[in-house]
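So the chains spell out like this:
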Amino acid sequence: MSRHAGGKRLGPQQGEVIDRRTSFEFSWNGKPVNAHPGDSIVSALAAEGERVFSRSFKYHRPRGLLTASFHDPGCMVQVGDEPNVRGAHRLAEPGMAVSSQNTWPSLKFDVKAINRFAGRFLTAGFYYKTFMKPEFLWPTYQNVLRQFVHAGEISPDTPHDYYDKRYAHPDVLIAGGGPAGMSAALAAARAGASVMLVEEEHQLGGHLRWSNPGAAAELTAEVAATEGIEVLTNSVVAGRYDQNWIAVAQRDLSHARERLIKARARTLVVAGGLIERPYVFAGNDTPGVMLSTAVQRLINLHAVKPGERAVVLTANESGDAAVADLERAGVEVAYVADARKGEDVVRVHGRKSVRSVELANGRRINADLFVTATGWTAPTSLLNMAGDRPVYSPTAARFLPGGNGDDSVLATGGIAGDGTLDQLCEHAEAIGTEAARRAAGHRYHQLAAVPTRYGGKLSKPRGTAATLPELGVHEHPELFRASTHGIVDYSEDVSSKDLHFAVKEGYDSAELAKRFTTATMGPLQGKLETINAIATIAEATGKTIAETGTTTWRPMYTPVSLGALAGRIFEPVRHSPMQRWHEQHNATPLVAGQWIRPDHYGEPSAEVRNVRENVGIIDVTPIGKLDLRGPDVPKLLNLLYVNKWSKLGIGKVRYGVMCAEDGVVMDDGVTGRLGEDHYLMSTTSSGAARVWEWVENWLQTEHPDWQVHVTPVTTAYASINVAGPKSRELVSRLTEGVDLSAEGFGYMQVRTGRVAGVDDCVLWRIGFTGELSYELHVPASYGLHVWEALLEHGKDLGVRPFGVEGQRILRLEKGHLIVGQDTDGLTKAWSAGIDWAIKLDKDDFVGKPELVWQQENGDGARLVGIQPTDGNVVPPEASQILTKSGAIAGRITSSRMSPTLGRSICLGQVDAELAKPGTLLTVHLPTGAKVAARVTEHHAHVDPEGSRQNIDTPPAKPRPHATPVARGPVAAGRKTTTIASWQVDARRSSAGLRIADHTLLAKVGVRGRHDGAIAEALGTGHGRTIRDNGSAVVVGSGPGEWLVLGSPGGQDKLLSRMRDLVENTGEFGTVIDQTHGRALLKLSGNHAKDLLAKVCGVDLSDAATPDGAALRTSVARLVTDVIRLDDNGVPTYLLHCERSSGQYLFDALLDAGAEFGIEIDGCPTAPTL
Amino acid sequence: MIQLPCPWCGPRNASEFTHHGEVTPRPDVGTATPEEWRRYLYFRQNANGWVDENWYHTAGCRRFIRVRRHTTSNETEATR
């Protein structure tokens, strides 16, 4: 019953996958086409009588259906903006705009089909040889050849699609959902394994879907009814990497175009079945030449009649079954040529369609369909990726697994051998059971190694290694090529003749001939053509197929979109607590590593002048800050800095420079002593993470005996530099408990006190800008409060914010170097112009030997102040400095126009002999111009004697100010409420999956020995969480590292309770308030685990990460503590990260949770843990 | 991606760690000759086989661990 003239739709078939109750339209080259749900693009077209779907790559020959599967080379089409869609696989959708690709001007009339007549000139290597000389014509060749390029079109305006990512940790991952894959899955699941069953097609069943639909349905139902099997259809195992790291591409999800699953499978079972291979003969790519499986698919799955009059060449049961299907579908089978009896084809005639078939027995039969069933290819690629080398079996006429790969990878089904359905299923069951047994062994070792489980004893898995059963192979004739030449690689248009030619040219091994002809290198990557290619090369070289060997299969098994590989983008960003203020005040953002900072709010030079004349404030939160505690801190500082630290008094600050072991300057900053055994170290903004790791490295690997605890507190404080002649006046208006007079709080000193009502602020009197200035480090949640208070109370003083650019100008005027800008990877300390700081009389410090030798040799460059003679010229940074003879003798490292001096100023590195003050230099600008410049006396261009930072103005009296408000890192909604001075989101949600900002909880960090008295007193260790009797939650967040959580506002009490606890043990320990330094998010709901599996690569199963587990890992590429604390049986996780990335983490989780309907929740008035 | 057997956290993806290279003992600063010092700075065995390496579990326990790794098979064993 056809709806159109030429309609080929058959009546209902037992295994059909289309839903006849409804139909819809899509377009094909602009013309409407009818389809049923379940139709592939090409099956719908074939049902309307279309036979040609594309033109071939080189000769632009018309191409039709060959395999009717994902791997059909002639069925690649363009769908809307998406090129290279596998038309015989992709399901038709209403309104889809499908067009043929690689055709011009139309599919029916393709101008480039003229190449067909030029075919004998377009042999392999034609392009290499022809378009080689003369070289000056290469651009022209490129333009012409581009017109002949294969494949569809991508518009640069195509909008970004949504792609997804997920991690999985199945015990057994099975590639292939045919009878063997399903049987293996059932057996593995019954043996207690968690199974992921991945099938490339839209349904499970494999070849049973067309050969035995009843059996397919039965097995599929059994899989669905069995617990522990996750079925992924329309998904493909794209690659297997070391330690069974497996890439699965999941296609066409409702919420995403494609999803990449990164699975760490304990065992992998490869059950990909067999791929029917084409036969090589003249005209074998003519539309109407199909494989026996294609015919069976069309009839049984899509109810499409593949032709009207058929000739069949069969060498196996699949061909015989195709004959039966054709007859049942009403196709006239004009002749069956049985290859097992020596019958063969010579060629088919016809151009856009088969017209007749010429057989070896001399008969020429009119037909529009020629079906071949000449054998199989085993897609052994996943096995090869696991180290297996396939072996050719002349009996089976295909390559078989060599059986020498990794023992975490097993094979079953057609890849492993031949058998009846029962034999295959029996083999698969044995493999599935063994896969589960091996997985249990891996699982046992993994669980034994993680600290997150309950203390209970793990039981060793039982069962002994089974002898793996073997499948035999049936006899298949070695049929690869008829007496004529034909296409071997359909996607690359490589014929058997080309391969013979390649061998004649000397490319006589499979690997060479492949590269010369590009056979097996097209979109199919050898899945159809490898064995025919090897057989042809073997024939041409006179070797056997076994001697010729196969080419290497590499990932990916099928093409995976770049979008899927990129996935959701995880790029952590960091914000200061004042970021929203900066945005609201039109700050131009500066991306500095992960930080987003205000570059300037208005004119940077005006910001500079205001600092020099009045007072400015800058947000310097990104400055790295490390809290150092312990009696051995001076030893550490002496080791890491080039200068001396033993005699730093309490309340004093010192500038220090760190070098690496090669003497190269690595970082700089000031360190202050806050108490007897308590120091605060600052680092450069970009160096914060590196310096922390550096410090840990020296402490852990070289000096584990030193008593020092290092805690990063970069984002625990909002840092504000208040600079300018009126800064003392401004700061003193808001500060209590600190004498701010010039004599009471001198230059290079540190105090702690209360600023704008906020306790525990750290004030440094230091100066990067050269002005009198105070750097305020405020507990981060109060950062915005203090920032706004400074602006409010400094109005009459002319206070204005300044950005990073203003600060860079100010520091250049003052001649302060920036590590990484004025130094590079070769700048040793003596070259950085900090001679005064280097103390070679210390016994040891990092990098000392190289600095001793540098001093002896006097070599290397020197950092100097430079001013161009013409003050209007600002030489761009990296301009070269030349000697008289024109040789390069250095470069400008920093340059700006100085608003204070009204002339250009620079820092630069020059050879030592040019470093003397007054030396005249030649600066070579990028424009080619050369300008004169002079080396200045000092690095500082403004106020080299340093009098500006020592002005002696009297401090003011503290003024009343607004009540401090604490804010979390996540932007609250419109409705807010106040809990313990915290402004929190007031909205509540009862959705099944919720996320809330619980940063207001009190957080106290404790450090001690991982196995000492403190650990014992706290009652838990690394990996586990307990509730202590004081209603706090103690999280074992690291080895010898704890996080104690309490109710909002309770940090002071908690802090003193923990200090008492540590003191009572007598062990060296550290207790630090982390309330303001960390973001704490609460994620709860039944899908919480599924959400986390999309952003976190750790196994979150109940066995590995049960209630009470605590671990630190990467979540959305951000270092995050994951603490599982179920809430009345509802899976709940606390996620804990650096405060500055709290908003990023929150947004990443919201995005990942969208498919589960996640909602934002506020904070209950009395949050419980 | 390979996993490294963190002795504190259990097996974790290598992307959580920072590779600090082969274990190279630091010469005595007081007596080292330039040649010895630069051998420490720049020379590595780069063996095809078992190598002792330092790794830092950056996105985990933040401990430096010592891993014995076979550079061709990526088999690993770790110690604290």
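The numbering scheme is per chain: residues are counted from 1 as the chain's sequence reads. Chains and ligands are labelled sequentially in the order written, the chains with letters from A and the ligands with numbers from 1. Predicted model: local features are reported for residues with pLDDT of at least 70 only, side-chain atom pairs are reported and counted for 80 or more only, and whole-chain, interface and lining totals are derived from all residues. In computing side-chain properties, one takes all heavy atoms of the structure into account and sets aside hydrogens as well as water.

Re the overall build of chain B
- Each helix corresponds to a stretch of at least 4 residues labelled H or I by DSSP, and each strand to a stretch of at least 2 residues labelled E; elements are numbered beginning at the N terminus. From N to C terminus, chain B includes 1 helix and 6 strands.
- By principal-axis analysis of the C-alpha atoms, chain B measures approximately 40 × 25 × 20 Å.
- Within chain B, contacts between residues at least 6 apart in sequence are counted, and of these 47% link residues at least 24 apart.
- Note on areas: Shrake-Rupley with a 1.4 Å probe; residue coverage comes only from the protein chains shown. With an accessible surface of roughly 4,200 Å², chain B has 45% of that area assigned to carbon and sulfur atoms. In what follows, a contact means two residues having at least one pair of non-hydrogen atoms within 4.5 Å.

With respect to unusual backbone geometry
Residues and elements named next belong to chain A.
- The residue after P555, namely M556, is reached through a cis peptide bond having omega -5 degrees.
- Tracing the chain through its elements places M556 in the loop between helix 14 (545-548) and helix 15 (562-566).
- Within the chain, M748 stands out as a residue other than glycine whose phi angle is a positive 65 degrees.
- By secondary structure assignment, the location of M748 is in the loop between strand 39 (735-736) and strand 40 (749-755).

Things to note about the state of the cysteines
- Pairs of cysteine sulfur atoms within 2.5 Å are identified as disulfides in what follows. Throughout the structure, instances matching the rule amount to 0 disulfides over all chains.
- This cysteine, C61 of chain B, is not joined by any disulfide, and C6 of chain B carries the nearest cysteine sulfur, 3.7 Å off.

Digging into the sheet that holds strand 15 (residues 267-270) of chain A
Residues and elements named next belong to chain A.
- One bridge is not enough; two strands pair if DSSP finds at least two bridges between them. Here 5 strands make up an open sheet; going across it, the order is 11-10-9-15-27 and the pairing parallel. With partners counted over all chains shown, the strands left at the sheet margins are strand 11 (229-232) and strand 27 (409-411), one partner each. Sheet twist, expressed as the mean angle between neighbouring strand axes with direction ignored, is 20 degrees.
- Pairing geometry for strand 9 (residues 172-175) and strand 10 (residues 195-198), over 4 bridges, is parallel. Among the inter-strand pairings, V172 is bridged to a residue of strand 10, identified as V195.
- Inter-axis angles, ranging from 0 to 180 degrees, are taken between N-to-C directions of lines fitted to C-alpha atoms, where helices are fitted over the stretch in contact. Against the sheet, helix 4 (residues 179-190) contacts strand 9, strand 10, strand 11 and strand 15, and its axis sits at roughly 170 degrees relative to strand 10.

Some remarks on the interface of chain A and chain B
- Taken residue by residue, the interface counts 37 residues in chain A and 32 residues in chain B.
- By buried area we mean how much accessible surface two parts lose on assembly, using a 1.4 Å probe and totalling the loss over both. Among the residues of chain A in contact with chain B, E693, W853 and R1112 of chain A are the three that bury the most area, contributing 18% of the side total.
- We count a salt bridge whenever a side-chain nitrogen from Lys or Arg sits within 4 Å of a carboxyl oxygen from Asp or Glu. Our count for the contact surface shared by chain A and chain B stands at 3 salt bridges.
- Note that D844 of chain A is salt-bridged to R26 of chain B, the shortest N-O span being 2.9 Å.
- Contacts described as polar in this section are N or O atom pairs within 3.5 Å, which, within protein, must combine one atom able to donate a hydrogen with one able to accept it, while residues neighboring in sequence count only if both atoms come from side chains. The interface formed by chain A and chain B contains 18 residue pairs in polar contact (both at pLDDT 80 or more).

Some points on the packing of helix 4 of chain A against helix 10 (residues 421-449) of chain A
Residues and elements named next belong to chain A.
- Taken N-terminus to C-terminus, the directions of helix 4 and helix 10 make an angle of 40 degrees; their axes are 7 Å apart at the nearest point. Looking at the two axes, helix 4 sits oblique to helix 10. In this structure, helix 4 crosses over helix 10, and the sense of that crossing is right-handed. Between helix 4, through P179, A180, S183, A184, A187 and A188, and helix 10, the contact on the second element is made entirely by L421, C425, A428, E429, G432, T433 and A436.
- In this classification, Asp, Glu, Lys and Arg are treated as charged, Ala, Val, Leu, Ile, Met, Phe, Trp, Tyr, Cys and Pro as nonpolar, and every other residue, Gly included, as polar. Its residues assigned to classes, the contact of helix 4 with helix 10 comprises 9 nonpolar, 3 polar and 1 charged. Reported orientations rely on four angle classes, namely roughly parallel under 35 degrees, roughly antiparallel over 145, roughly perpendicular from 65 to 115, and oblique for the rest. A clockwise turn of the near helix away from the far one marks a right-handed crossing, whereas an anticlockwise turn of less than a right angle marks a left-handed crossing.

Side note on the packing of helix 11 (residues 496-504) of chain A against helix 13 (residues 530-541) of chain A
Residue and element names in this part refer to chain A.
- Two elements in contact, helix 11 and helix 13, have axes whose closest approach is 9 Å; the angle formed by their N-to-C orientations is 45 degrees. In this view, helix 11 runs oblique relative to helix 13, as classed from their interaxial angle. In this structure, helix 11 crosses over helix 13, and the sense of that crossing is right-handed. Along its contact with helix 11, which presents S496, L499, H500 and V503, the element helix 13 presents A533, T536, I537, E539, A540 and T541.

Overview of the sheet that holds strand 18 (residues 309-314) of chain A
Residue and element names in this part refer to chain A.
- Across the sheet, 4 strands lie side by side as 17-23-18-19; this open sheet has parallel pairing. Since the sheet does not close on itself, it has two edges, and those belong to strand 17 (289-291) and strand 19 (332-338), each with one partner. Mean inter-strand twist for the sheet, computed between neighbouring axes without regard to direction, equals 20 degrees.
- Relative to strand 19, strand 18 runs parallel, the two sharing 6 bridges. Bridge pairing in strand 19 links R309 to E332.
- Along the sheet, helix 7 (residues 292-300) makes contact with strand 17 and strand 23 (369-373), crossing strand 17 at roughly 85 degrees.
- Lying on the sheet, helix 8 (residues 317-328) is in contact with strand 18, strand 19 and strand 23; it crosses strand 18 at an angle near 165 degrees.

A word on the domain arrangement of chain A
- What counts as a domain boundary in this text is fixed by an automatic or database domain assignment. Once the domains are mapped, chain A shows domain 1 (24-146), domain 2 (163-274 + 380-449), domain 3 (579-627 + 641-812), domain 4 (818-946) and domain 5 (966-1161).
- For domain 2 of chain A and domain 3 of chain A, the distance between their C-alpha centroids amounts to 57 Å.

Let's talk about the pairing of strand 21 (residues 356-359) of chain A
Residue and element names in this part refer to chain A.
- As judged from the 4 bridges shared by strand 20 (residues 345-349) and strand 21, these two strands associate in the antiparallel manner. Bridging across to strand 21, V348 finds its partner in V357.
- Hairpin connection, strand 20 to strand 21: the antiparallel pair is bridged by 6 residues, and G350 has positive phi, about 120 degrees.
- Of the pairings in the sheet, the one linking strand 21 to strand 22 (residues 364-366) comprises 3 bridges and is antiparallel in character.

Quick look at helix 12 (residues 510-517) of chain A
- Think of it in three bands: residues with accessible area under 20% of the maximum for their type are buried, residues over 50% are exposed, and the middle band is partly exposed, with areas taken using a 1.4 Å probe on protein chains only. Buried within helix 12 of chain A are the following residues: A510, A513, K514, F516 and T517 of chain A.
- Just downstream of helix 12 of chain A lies T518 of chain A, where phi reads positive at about 65 degrees.

Observations concerning the packing of aromatic side chains
- Each Phe, Tyr or Trp ring (for Trp, its six-membered ring) is paired with any other whose centre lies within 6.5 Å, and the angle between the two planes then decides the class: stacked below 30 degrees, edge-to-face above 60, tilted in between. Inspection of every chain in the model, using the stated rule, returns 14 aromatic pairs over all chains.
- Directly above the ring of Y557 of chain A sits K527 of chain A, whose terminal nitrogen or CZ lies 4.5 Å from the centroid.
- Of note, R39 of chain B hangs over the ring of F43 of chain B, and the distance from its end group to the ring centre comes to 4.4 Å. Our definition puts a charge over a ring when NZ of Lys or CZ of Arg is within 6 Å of the ring centre and also within 35 degrees of the ring normal.

Here we look at the environment of P917 of chain A
- Tracing the sequence through the fold places P917 of chain A in the loop between strand 47 (903-911) and strand 48 (920-924).
- Once the C-alpha coordinates of P917 of chain A and P955 of chain A are considered, the two residues, 38 residues apart in sequence, prove to be 39 Å apart.

Here we look at the pattern of salt bridges
- Going through the model one piece at a time under the given rule, you end up with 72 salt bridges over all chains.
- Between R38 of chain B and E850 of chain A there is a salt bridge; the shortest N-O distance is 2.7 Å. Here the residue R38 of chain B occupies a position in helix 1 (residues 34-42), and E850 of chain A occupies one in helix 23 (residues 848-857), the pair thus bridging two chains.
- In the salt-bridge network here, residues are joined through shared partners; they are E82, R90, D161, D252 and R257 of chain A.

Focus on the nonpolar core
Residues and elements named next belong to chain A.
- Buried Ala, Val, Leu, Ile, Met, Phe, Trp, Tyr and Cys residues form a nonpolar core when they are joined through side-chain atoms within 4.5 Å. Of all hydrophobic cores here, the largest spans 41 residues; its most connected members are F26, I41, L65, V98 and L326.
- Within the residue set of this core, elements represented by two or more residues are strand 1 (24-28), strand 2 (31-35), helix 1 (41-47), strand 5 (76-79), helix 7, strand 18, helix 8 and strand 23.
- Excluding anything up to four places from it in sequence, I41 contacts F26, V77, V79, V85, G87, R90, L91, A92, M96 and V98.
- If you look at the next biggest cluster of nonpolar residues, it comprises 39 residues, including V722, V731, V758 and V799.

A closer look at the side chain of S904 of chain A
Residue and element names in this part refer to chain A.
- Within the fold, S904 resides in strand 47.
- Residue class for S904 comes out buried when judged on its relative accessible area of 0%.
- Reaching out from S904, the side chain makes a polar contact with the backbone oxygen of V873 at a distance of 2.6 Å.

Some thoughts on the pairing of strand 60 (residues 1110-1115) of chain A
All names here are of chain A.
- The buried fraction of strand 60 amounts to 5 of the 6 residues, a majority that puts the element mostly inside the structure.
- Across 6 bridges, the pairing between strand 60 and strand 61 (residues 1118-1124) is antiparallel. Opposite R1112, over in strand 61, you have D1121 as the bridge partner.

Thoughts on the environment of H1136 of chain A
Residue and element names in this part refer to chain A.
- One can find H1136 in strand 62 (residues 1132-1138).
- Given a relative accessible area of 3%, H1136 falls into the buried group.
- With 138 residues separating them along the chain, H1136 and H998 place their C-alpha atoms 9.6 Å apart.
- Other than its neighbours up to four places away in sequence, H1136 contacts K1003, L1043, R1078, A1079, L1080, V1119, T1120 and D1121.

Remarks on the confidence of the model for chain A
- Across the chain, each position has a pLDDT score giving the predictor's confidence in that residue, from 0 to 100. Residues at a pLDDT of 70 or more form 96% of chain A, whose mean pLDDT is 93.
- Overall, residues 1-5 of chain A carries pLDDT values under 50, and its contacts beyond four positions in sequence, including any with other chains, amount to 8 contacts.

So, helix 21 (residues 783-793) of chain A
- Among the 11 residues that make up helix 21 of chain A, 9 are buried, leaving the element largely enclosed by the rest of the structure.
- Looking only at helix 21 of chain A, the buried set comprises G783, L784, H785, V786, W787, A789, L790, L791 and H793 of chain A.

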